[in-house]
Amino acid sequence: MKQSVLIVWLICFWTLMAQAQTSGITLSGLVRARQNKRVLPYVHVMLSTPKDSAFVAGTVTDEQGRFILRDIIPADYKLSVSFMGYRSHSQVIQVGRLSAFLDLGTTELQEDVQALQEVVVTGTQDVISEGLDKKTFNLEENSSQAGGSALQAMQNLPGITITQEGQVQLRGSARVTVLIDGKQTALTGFGNQAGLDNIPASAVEKIEIINNPSARYDANGMAGIINIVLKKEKKEGLNGKVGFIAGLGALGEKRVNLPTIRSQYAYTPKLNPTASFNYRRKKINLFLQGDILHQKRLNKNEFTDRVYENGDQITQQYQENRTQTAITVKSGVDWLPDDQNSFTVSGLYGREGHIDRGDLPYFNAQTEERNQLWQFYEDEVNSTITVSGAYGHTFKQPGHRLEAGFNYSFLREDEKYFITNTLPAVFGQDSFKLIADQYVTDVNVDYVRPLKHGRIETGAKFRWRNIPTNMQFFPGTNSPMDIDADGKAVYNEVIPALYGNYVYESKRVEVEAGLRVEYVKVNYEVEPNHNTYRSDGYQYTQPFPNLRLAYLINDKNRISLFYNRRVDRPDEGDLRIFPKYDDPQILKVGNPALRPQFTRTLEVGYKTNWEKGYFYSAGYHRRLSGVITRIVTAIPGGTTLYSLMQNADRGYNTGLELVLNQEVTQWFSFNVNLNIYENVLEGFSVENQYPAPVIYQGERLQNYTGNLKFNGNVHLPDQLDLQLTGIYLAPDIVPQGEIAARYSVDVGLKKALQKGRGELFFNASDLFNTMRIKRDIRTSGVHLRSTDLYETQIIRIGYSYKF
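Residues numbered from 1 in each chain as written. Predicted model: local features only at pLDDT ≥ 70, side-chain atom pairs only at ≥ 80, totals over all residues. Heavy atoms only, no water.

**Topic: the overall build of the chain**
For the chain, the helix and strand inventory stands at 4 helices and 44 strands. Expressed as a percentage of the 803 residues in the chain, the buried residues total 53%. Partitioning the contacts of the chain with sequence separation of at least 6, the portion at a separation of at least 24 is 68%. Accessible surface for the chain amounts to roughly 34,800 Å². Of this, 57% is attributable to carbon and sulfur atoms. (Helix = DSSP H or I, 4+ residues; strand = E, 2+ residues; numbered from the N terminus. Buried < 20%, exposed > 50% of the residue type's maximum accessible area, 1.4 Å probe, protein only. Contact = heavy atoms within 4.5 Å. Areas by Shrake-Rupley, 256 points an atom, 1.4 Å probe, with all protein chains shown as cover.)

**A look at the pattern of salt bridges**
This model, assessed by the stated rule, comprises 32 salt bridges. Here Arg34 and Glu108 are joined by a salt bridge, their closest N and O atoms 3.9 Å apart. With Arg34 in the loop between β1 (25–33) and β2 (44–48) and Glu108 in strand β7 (residues 101–109), this pair connects stretches of sequence that are 74 residues apart. Overall, Arg34 belongs to the partly exposed group, its relative accessible area being 42%. Through salt bridges with shared partners, a single network forms among Asp218, Asp442, Lys461, Arg463, Arg516, Glu518 and Arg569. (Salt bridge = Lys/Arg side-chain N within 4 Å of Asp/Glu carboxyl O.)

**Some details on the packing of aromatic side chains**
In total, this model carries 19 aromatic pairs according to the counting rule given. A ring pair is formed by Phe432 and Phe473, whose centres lie 6.1 Å apart and whose planes are at 90°; its orientation type is edge-to-face. Of this pair, Phe432 sits in strand β21 (residues 427–451) while Phe473 sits in strand β22 (residues 454–474); the two residues are 41 residues apart in sequence, bridging distant segments of the chain. Taking the relative accessible area as the measure of exposure, Phe473 reaches 6% and is therefore buried. Here Phe544 and Phe598 contribute two aromatic rings whose centre-to-centre distance is 6.5 Å and whose plane-to-plane angle is 15°, an arrangement assigned as stacked. (Phe/Tyr/Trp six-rings, centres within 6.5 Å; stacked < 30°, edge-to-face > 60°.)

**Focus: the sheet that holds strand β5 (residues 75–82)**
For sheets, the rule is that strands pair by backbone hydrogen bonds, running either parallel or antiparallel. The strand order across the open sheet built from 4 strands is β3-β2-β5-β6, with neighbouring strands paired in antiparallel fashion. Sheet topology places β3 (55–60) and β6 (89–95) at the edges, where each strand pairs with a single neighbour. Pairwise comparison of adjacent strand axes, ignoring direction, gives a mean angle of 20° for this sheet. Where β2 meets β5, 5 bridges bridge the pair, whose relative direction is antiparallel. Within β5, the residue paired with Val45 across the bridge is Val81. (Pairing = 2+ DSSP bridges. Axes fitted to C-alpha atoms, helices over the stretch in contact; angles between N-to-C directions.)

**Focus on the environment of Leu104**
One can find Leu104 in strand β7. Residue Leu104 is classed as partly exposed on the basis of its relative accessible area, which comes to 25%. As a C-alpha pair, Leu104 and Phe67 span 37 residues in sequence and 9.9 Å in three-dimensional space. Residues within four places of Leu104 in sequence aside, it is in contact with Leu27, Ser28, Phe67, Leu79 and Ile93.

**Some thoughts on the nonpolar core**
Core analysis: the largest hydrophobic core is formed by 51 residues, its most contacted members being Phe432, Tyr581 and Tyr690. In this structure, Tyr581 is in contact with Trp374, Ile419, Phe432, Phe473, Pro480, Met481, Asp482, Leu587 and Tyr690, ignoring residues within four places of it in sequence. Residues Leu139, Val176, Val178 and Leu348 belong to the second largest nonpolar core, which totals 26 residues. (Core = buried A, V, L, I, M, F, W, Y, C linked by side-chain atoms within 4.5 Å.)

**Re the sheet that holds strand β27 (residues 586–589)**
Judged by pairing direction, the sheet is mixed, and its 3 strands sit side by side in the order β27-β31-β30 without closing on themselves. For this open sheet the edge positions go to β27 and β30 (628–634), each flanked by a neighbour on one side alone. Neighbour to neighbour, the strand axes of the sheet diverge by 30° on average, direction disregarded. Bridging between β30 and strand β31 (residues 641–647) involves 7 bridges; their strand directions are antiparallel. Bridge pairing in β31 places Ile631 opposite Leu644.

**Some thoughts on unusual backbone geometry**
Of note, the bond from Tyr690 into Pro691 is cis; its omega dihedral lies within 30 degrees of zero at -5°. Mapped onto the fold, Pro691 is located in the loop between β34 (684–688) and β35 (694–698). Backbone geometry at Lys282 places phi at a positive 55°, although glycine is not the residue there. One non-glycine residue, Asp718, adopts positive backbone phi at about 60°. As for its placement among the helices and strands, Asp718 is situated in the loop between β36 (701–716) and β37 (720–729). For Asp718, a relative accessible area of 62% puts it in the exposed group.

**Re the pairing of strand β13 (residues 224–230)**
Most of β13 sits inside the fold, with 7 of its 7 residues counted as buried. Residue alternation in β13 divides its side chains into two sets, Gly224, Ile226, Ile228 and Leu230 and Ile225, Asn227 and Val229, and both sets are buried. Inspection of the sheet shows strand β11 (residues 176–180) paired to β13 by 5 bridges, in the parallel sense. By the bridge assignment, Ile180 is partnered in β13 with Ile228. Bridge analysis of strand β12 (residues 204–210) against β13 gives 6 bridges, and the strand direction is antiparallel. Across the sheet, Lys206 pairs through a bridge with Val229, a residue of β13.

**A short note on the pairing of strand β42 (residues 773–779)**
Because side chains alternate across β42, one face comprises the buried residues Ile773, Arg775, Ile777 and Thr779, and the other comprises Lys774, Asp776 and Arg778, none of which is buried. Two elements, strand β39 (residues 737–739) and β42, share 3 bridges in a ladder whose sense is antiparallel. Bridged to Ile739 within β42 is Arg775. Strand direction decides the pairing type here: β42 and strand β43 (residues 782–788), joined by 7 bridges, are antiparallel. Across the sheet, residue Lys774 finds its bridge partner in β43, namely Thr787. The turn joining β42 and β43, which pair antiparallel and follow one another in sequence, is formed by 2 residues; a positive phi near 80° is taken by Gly781.

**Quick word on the environment of Gly758**
Along the chain, Gly758 turns up in strand β41 (residues 758–765). A relative accessible area of 2% means that Gly758 is categorised as buried. Residue contacts for Gly758: discarding those within four places in its chain leaves Lys751, Ala752, Leu753, Tyr799, Ser800 and Tyr801.

**Brief notes about the side chain of Asn769**
Relative to the helices and strands, Asn769 resides in the loop between β41 and β42. There is a polar contact of 3.3 Å between the side chain of Asn769 and the backbone oxygen of Gly252. For Asn769, the contacting residues outside a window of four places in its chain are Gly252, Lys254, Thr792 and Gln793. (Polar contact = N/O pair within 3.5 Å; in protein donor to acceptor, adjacent residues only side chain to side chain.)

**Concerning the environment of Pro693**
Examined against the element boundaries, Pro693 turns out to sit in the loop between β34 and β35. Taking the C-alpha atoms as reference points, Pro693 and Ile635, separated by 58 residues in sequence, lie 8.4 Å from one another.

**What about the side chain of Asn341?**
Structurally, Asn341 can be placed in strand β18 (residues 341–364). Overall, the relative accessible area of 16% leaves Asn341 in the buried class. Here the side chain of Asn341 touches His393 through a polar contact of 2.8 Å, side chain to side chain. With residues up to four places along the chain from it excluded, the contact list for Asn341 reads Trp335, Leu336, Tyr391, Gly392 and His393.

**Re the confidence of the model for the chain**
For the chain, the average pLDDT comes to 86, and 90% of its residues sit at 70 or higher. The low-confidence segment residues 1–22 (pLDDT under 50) makes 23 contacts with residues lying over four places distant or belonging to another chain. A low-confidence stretch, residues 113–125 (pLDDT under 50), is modelled with 11 contacts involving residues beyond four sequence positions or located in other chains. (pLDDT = per-residue confidence, 0-100.)

This is the structure we're talking about:
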């Protein structure tokens, strides 16, 4: 109650303060290119006196081409608009006394062809937005990870860590919503993130990290949002970019295999051709982006020791050699029939196929005799098709806009496993097949209207999602497969949502307050003959508020306060009832009774700028209820472990993020990011249902952990750039145990060629081959210690050319 009163008091106080500080006239306008009518961001706008050109006020246009000049005293002025590659424009304007808000309309700049041909401008965008709510990273500047996947490119970004399962974590949590060009697609997942390792980094222009999303975004994803912006040129005429990247991985063996299995992949080749084309002619813009990633990879190489309370000890290895081909193609057309209307139709196709050859030997650690050898051949193909349509209408007032969109996604997950099971006296062959089709339809309407001192945003969205799955087991002799646990299931999800967002800004104060209301209905239908689970589901109507208060101390110092409430809904894979037999002695199973996890976050951020750098800090506190996690149990008297999804009780996450960015000299700059946080998981009790009820009592877990990342950039002579990245991840807690510290060093080198049109690069990830993931897990009756020595050391060389 006291916290609510305090927040209301702050809103009222800061709003009154803002009103008291606002004086003079506010001018606004829009800047476009005359030839193609596209808006121009980052254009310089200056107001000066007509007689002596004395400076009065200045700004730059935002990403939508809009500019605002505040606190202008009534008088006559000269308005000057300039942008590299365009002819400067100036005009005399009169600012009167009758209106507090003047719309200067649209200024169109004529392209200066000669300037475009002779001048090449390079620069870097400030990573942290003015509102302290978003970080933006241009992947072309990340030379130490060029040529890999989008997932690999992210591991060097501040605030991000990568889990053993290949998931992105923001500030220690993998509950992240991943968007492509601002939309959720089947390629990256609608619940839990997926497929990031299937997107070539060469297809990505930039990555945006939003830790505190506003109400206009879906409420799913308590840790925040990652928006992957794919490349798309907008220049007049025909232009594009082509490139080719080659590499080798697994350059050194980290540990010798256990006896009697196939060799682990070494010196694994990687090939990545890429091409993008864009043709713009007056009102039409056509674009095409295509990327192929073909590689071999040591995908998993985990050594595990299991010690049971009765004294039994099992030593095992899980080795997975992967051959993978991922194809991503995006194409579409933009049509601008007039200055106020635009249409975009686009399609995204992705196909990721891989062959996995797995070896899992199990040894009695005391006698050194092999108890079992489990070998599999997996053939998996994931095919994705996304079709999007968007309409935009811009009203006469700059920034006054209505948008409507339609997005349809289809994903087919097609898995086939062929297994050889070798026991001391018996030999058997098993197999299983999974088909999971995902159909998703999104319809949204968004409306934005500028106000005298801000804007209002409102909109609606409707989602329908349907996922039928069919798992079939084909057991052989002495098979461990549970033949009564296969069959069919159907996941169905309906989510209508409404949102409203209000933004107010004055010279010193900014207020952004929003509310999103979602109704969610989920049904998970299970065949009646399943031996453990029954059909289940849930529904709710919940509000998800967000609040951002900012105070501009001066031009170089700013402080912001954030509050939001978000949800993590279990994805279909979390509910999936079928045990997966890639490891027959540690089985992963879903849980149809799983429920959503809700989170409240409070954060305070501060940023100070100086001439050649900035410092950013943020303190945050999250309170989680119904924490979604995996719990491992064993049937009394058995050695097989069962890992099931469960809702624990409550959890807390409190931390501090620090970012220091500094240009030391013209040839050296660096960025340091430090994240330190406390994780707390309160004690809880759950019952794992599969294959038989087992109750697990979890003790309270608490630890302090964090990560440190350093990025150094050296500009050498002859347009040669060197990047060095160091990563340290401190020990952390995981459900039922902990994960040890991890660290690595990456290096990248790139050189501009052919007057800036060509670029040659070389990089090496995990240069010293030090990255490994160690876990220590304790559950009822068993203690697990594991080390995953999967492929992390990779060298690449590549070339690209712009035309």
